[in-house]
Amino acid sequence: MDAGEGRPQPHLAALVLARGGSKGIPLKNIKLLAGVPLIGWVLRAAIDAGVFHSIWVSTDHDEIEKVAKQFGAQVHRRSPEVSQDSSTSLEAITEFLNHHHEVDIVGNIQATSPCLHPSDLIKVADLIQKEGFDSVFSVVRRHQFRWSEVKKGENKMTEPQNLNPAKRYRRQDWPGELYENGSFYFAKRHLIEKGYLQGGKMAYYEMRAEHSVDIDIDIDWPIAEQRVLSFGYFGKEPLKEVKLLVCSIDGCLTNGRIYVTEDHKEMVSYDYRDIVGIDLLKKRGIQVRLISDRDCSKTLSAMQLGCVAKVSATNKLQVLKDWQEDMGLSWKEVAYLGNEESDVECLKQAGMSAVPADACAAAQKAAGYICKSRGGCGAVREFAEHIFLLLEKVNSARKQLKEISSAEKEMGRNENSRKGNKELMEKE
Ligand SMILES: CC(=O)N[C@H]1[C@H]([C@H](O)[C@H](O)CO)O[C@](OP(=O)(O)OC[C@H]2O[C@@H](n3ccc(N)nc3=O)[C@H](O)[C@@H]2O)(C(=O)O)C[C@@H]1O
């Protein structure tokens, strides 16, 4: 990137701190929030903002490293000294800067605020790169009355801090106050090296209240989940509505093991949770079809799943294409769960795709979502839940669009009636 007149722009790096240890929720930084690992929400926003020269996750944990890379981030393996419960963000950021001399500005984005949008980051990058601020951090407006604390045994009375009890403001008569909300802290290298994240020529960036979510304690988690479903950033891809899920049998619905009896009969095992998942999908109007490159028709009929199935499929992609065309679906409406090399093309083609945790590497690379569950151990159920979350998002986005367009219509009406009144007044 160029700052004009041939000057290279200072290197702006996004840095998400994600240690493995956590006081409350175990491995919180990659725990699935509405089907997406926590760090995934902010990494997606950072990548799509398109303003960073590099995007990093600083971690001390292998699993977090894996997830960070899946989301397209680079990984800084940090030392144990800055990974303790007592380590501050500033210590971890300073260590990162000591290893990355090319970086001039760090945008520390906290994964604990998952409702961040690329548009916020674009505006902050402008403040720091074009308007010359040394540090910018996020705040949110709150309308909260504060009272002084009285410690046990103190012979004092509580005092109002930001209100007059004789004349209490109504929300609409009071602009409220700005609170640091912990979503991000951008700062130039020279400040950080002096031991500050906030200082020099400082600015705050006010976030919309609905985007301001802070997962601090365990009970914040379900609230944050609801919030991202309604207001989170779901990526550049348009939202999809799934109508068909195709699931590979061996290794997805089963764990891939086949037991053979002396009289040449086959036995496989499956998890009842997956059957519940299939039923739930059907109840929501999503067809479930099964596919296998092996002839497992006898086993399938014994399982009595009531799903259309294609066995001995030598070309799975062709079968998928035939089903998609027969049902008159677009690719966006097709979801695919597979685990093997033979599933890779289907995973790439389907609008939504997933693999069980123990799928082969090529399938993992091709899939959009990697289940925590293994094949035959709840992966179908987990993918079903993931699809339901997405459908909720589609519905809530539709609702938001409806609300926006009716608000716009209303504004248009008011504008027209104002114009009408003006014309009338001018005529009079
Ligand atoms: C920049 C900064 O000072 N951040 C601190 C924030 C900030 O003050 C609040 O969010 C403001 O509302 O508070 C803390 O916030 P918390 O502990 O939740 O950390 C926020 C995110 O950063 C990761 N982190 C933090 C410190 C560190 N050395 N390594 C890390 O990987 C966490 O895993 C988590 O994803 C706090 O509550 O103690 C500790 C954080 O260090």
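Along every chain, residues carry numbers that run from 1 in the direction the sequence is written. Restriction of local features to residues with pLDDT of at least 70 applies here, the model being predicted, together with a cutoff of 80 or more for giving and counting side-chain atom pairs; totals for whole chains, interfaces and linings are based on all residues. No hydrogens and no water enter the side-chain calculation; it runs on all heavy atoms of the structure.

1. Some thoughts on the sheet that holds strand β5 (residues 74-77)
Rule in force here: When DSSP finds two or more bridges between a pair of strands, those strands are recorded as paired. We count a stretch as a helix when DSSP gives it H or I for four or more residues in a row; a strand needs E for two or more, and each element gets its number in order from the N terminus. Helix axes are fitted only over the stretch in contact, all axes being lines through C-alpha atoms; the angle between N-to-C directions runs from 0 to 180 degrees. Contact between two residues is taken to exist if any of their heavy atoms lie within 4.5 Å; hydrogens are not considered.
Reading across from one edge, β5-β4-β1-β6-β8-β7-β9 is the order of the 7 strands in this open sheet, with mixed pairing throughout. Both outer strands of the open sheet, β5 and β9 (202-206), are each paired with one neighbouring strand and no more. Adjacent strand axes in the sheet meet at a mean angle of 30° when their direction is disregarded. Note: strand β7 (residues 135-142) against strand β8 (residues 177-188), 7 bridges, orientation antiparallel. From the neighbouring strand, Phe-137 faces β8, where its bridge partner is Tyr-185. Contacting β4 (54-59) and β5, helix α2 (residues 62-70) runs over the sheet at an angle of about 160° to β5. Lying over the sheet, helix α4 (residues 118-129) contacts β1 (12-17), β6 (105-109), β7, β8 and β9, oriented at roughly 65° with respect to β8.

2. Quick look at the environment of Lys-31
Turning to its location among the elements, Lys-31 is positioned in the loop between β1 and β2 (32-33). Residues Lys-31 and Gln-198, 167 residues apart in the sequence, show an inter-C-alpha distance of 29 Å.

3. As for the nonpolar core
In plain terms, the rule: Here the nonpolar core consists of buried residues drawn from Ala, Val, Leu, Ile, Met, Phe, Trp, Tyr and Cys, with membership extended through side-chain atoms lying within 4.5 Å. Relative accessibility thresholds used throughout: buried, under 20% of the residue-type maximum; exposed, over 50%; partly exposed, between the two (1.4 Å probe, protein chains only).
With 52 residues, the main nonpolar core has Ile-39, Phe-52, Ile-109, Leu-121, Val-136, Phe-184 and Phe-186 as its most contacted residues. With 8 residues, the single largest contributor to this core is helix α1 (residues 38-49). The residues touching Leu-121, leaving out its near neighbours within four places in the chain, are Ala-45, Ala-46, Ala-49, Val-51, Phe-52, Ile-109, Leu-116, Phe-184 and Phe-186. Grouped together as the second largest cluster of nonpolar side chains are 32 residues, Ile-249, Ile-286, Met-352 and Ala-354 included.

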